[in-house]
Amino acid sequence: MKILFINGFSKNQVGGESKVAEEISHYFSQDNTLDVGLIRSGEETEISPNEGALKVFSFKAYNDNFISISRFSGIDLLKLRTFLREFQPDVIHCHTIIPFVLFIQAWANINKVPFIYTTHALPNQLTSFVIQSKIRFLKMVSSIIDTYAKVFYNNCNALICLNQAARDELIKTGYKGPIYTIPNGRDLKRYYKPKDISLEDKIIHLTFVGYLDRRKNQHYLVDALQYLPKKYHLHLIGTSDNKEYVQKIKTLIHKLKLYERVTLHGNLPHTEVIDILNQSYLFVSASTKEVQSLAILETLASGTPIVGLSNETVDEFVNKDTGIWLNANSSPKEFAKSVEHFTQEKDSDYENISKSCLERVSELDWSNIQTRTVETYEEILKLESKKSHKRSFPSLILLLSLLIPLYPLVYWTTKSSAKRKQRKS
């Protein structure tokens, strides 16, 4: 089977959908029964050097840690079409909804190649996921984003949701095609090391991993820390383009005189993140929305319990066996009490909970997820032969005709704006 994955971002961007697209394509390419390709954003539109058995095509875009804006010129699209015709995929599995994939979706529609999309954001709440401080104007056009998404969904042969919460939200959009539920996979063996920690330690390390953002809600975690004894230390790992929010966190740290108890690590190599997780007594989360947080899955795979406010991922994975679940409206003081209560458990109880964390994600190893995903491809190929889901091709062509003339302007405007910001900083 020839499988083509699509990552709408560059190789090293921080978002979960980019990370999953990269990992799934590399993992599947190790199977010699599969021929695997990957399209990602890059500095130039070109066939890139193979990465092992993985065939890679880059589509020119402006990329930073958080956004990707494709150039979308005629020559770029011609090169992309040539790659598609030469690779001739049996299945296209997309992990992004950004505009350059519409061309690939149209090509798949014309050539009767199944096009599948995994939803990494809540389908009925896209605006709250995609809007960051630098693109606030999008708040005024949320209805356009929703319309765009519906056209995109309806031109997929099938959609894959990460969990029931995402599936429920997808149904609200009016999508009528096939829906499959397959969670994110992880390379579980990377994360676990026997923990050498105890309540007798002079410092109890608490950790959160995620870009600094209102949705991730790190400000709340700093607020909660003031209600904990001085031996508790908070590690916040992640970068941000939201200078206002970062400054808000730093101001609170200074106001509460917590500068010796909070470490802002910024973006770290993944091996260092794993080391910090394995030295942490708890992972703490106050995120308001998380479809299926990779950080939560990796934390459980490291055997680290979680204290978290209710969100889609915490609701799915956190209970008395893996940590403490808290109502989303809980105050920082209540959150701190739960953390302190948890850390009063005996070391033997902690070890049992740590084992339960490992068991909770044991089925999420990439080997299991690959089996489920390939079985899904095979089922979709059978459904396609029966024409079970009619796509709305005219709406896709109309959308493309509007975007193709516009996108080069968006690309150059974004790139010029980024360069001006760099000069000012």
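Residues numbered from 1 in each chain as written. Predicted model: local features only at pLDDT ≥ 70, side-chain atom pairs only at ≥ 80, totals over all residues. Heavy atoms only, no water.

1. Some remarks on the packing of helix 7 (residues 218-225) against helix 8 (residues 243-255)
At step 1: As a packed pair, helix 7 and helix 8 sit with axes 10 Å apart at the nearest point and diverge in direction by 5°. Considered as vectors, helix 7 and helix 8 are oriented roughly parallel to each other. For the pair helix 7 and helix 8, the contacting residues are Gln 218, His 219, Val 222 and Asp 223 in the first and Tyr 245, Lys 248, Ile 249, Leu 252 and Ile 253 in the second.
At step 2: Here the residues of the contact of helix 7 with helix 8 are counted per class, giving 5 nonpolar, 2 polar and 2 charged. (Axes fitted to C-alpha atoms, helices over the stretch in contact; angles between N-to-C directions. Helix = DSSP H or I, 4+ residues; strand = E, 2+ residues; numbered from the N terminus. Parallel < 35°, antiparallel > 145°, perpendicular 65-115°, else oblique. Contact = heavy atoms within 4.5 Å. Nonpolar A, V, L, I, M, F, W, Y, C, P; charged D, E, K, R; others polar.)

2. Quick word on the pairing of strand 14 (residues 306-309)
Every other side chain in a regular strand lies on the same face of the sheet, so the side chains alternate between the two faces.
At step 1: Of the two faces of strand 14, the one lined by Ile 306 and Gly 308 and the one lined by Val 307 and Leu 309 are each fully buried.
At step 2: Relative to strand 14, strand 13 (residues 282-285) runs parallel, the two being bridged by 3 bridges. Opposite Val 284, over in strand 14, you have Val 307 as the bridge partner.
At step 3: Bridge count for strand 14 against strand 15 (residues 323-326) is 4 bridges, and the pairing is parallel. Its bridge partner being in strand 15, Leu 309 is matched across the sheet by Leu 326.
At step 4: With respect to chirality, the unit in which strand 14 leads through helix 11 (residues 312-317) into the neighbouring parallel strand 15 is right-handed. (Buried < 20%, exposed > 50% of the residue type's maximum accessible area, 1.4 Å probe, protein only. Pairing = 2+ DSSP bridges. Right-handed = clockwise from strand over helix to strand, strands pointing away.)

3. Here's the deal with the nonpolar core
At step 1: In this structure, Phe 28, Leu 206, Leu 221, Leu 234, Phe 335 and Val 339 are the most contacted members of the largest nonpolar core, which totals 78 residues.
At step 2: Broken down by element, the residue count for this core peaks at 6 residues, all from helix 10 (residues 294-301).
At step 3: Filtering out sequence-adjacent residues up to four positions away, Leu 206 remains in contact with Leu 228, Tyr 232, His 233, Leu 234, His 235, Leu 282, Val 284 and Val 339.
At step 4: Core analysis: the second largest hydrophobic core is formed by 46 residues, Ile 104, Val 151, Tyr 153 and Ile 179 among them. (Core = buried A, V, L, I, M, F, W, Y, C linked by side-chain atoms within 4.5 Å.)

4. Looking at the pattern of salt bridges
At step 1: Counted by the stated rule, this structure contains 15 salt bridges.
At step 2: Between Arg 186 and Glu 298 there is a salt bridge, with the nearest N and O atoms lying 2.8 Å from each other. Taken together, the positions of Arg 186 in the loop between strand 9 (179-181) and strand 10 (204-209) and Glu 298 in helix 10 put the pair 112 residues apart, joining distant regions of the chain. Of the two residues, Arg 186 and Glu 298, both sit in the buried class.
At step 3: We note a salt bridge from Glu 244 to Arg 214, for which the minimum N-O separation is 3.4 Å. Of this pair, Glu 244 sits in helix 8 while Arg 214 sits in the loop between strand 10 and helix 7, and the two are 30 residues apart along the sequence.
At step 4: Overlapping salt bridges, with partners in common, bring together Lys 11, Glu 22, Arg 40 and Glu 51 in one network. (Salt bridge = Lys/Arg side-chain N within 4 Å of Asp/Glu carboxyl O.)

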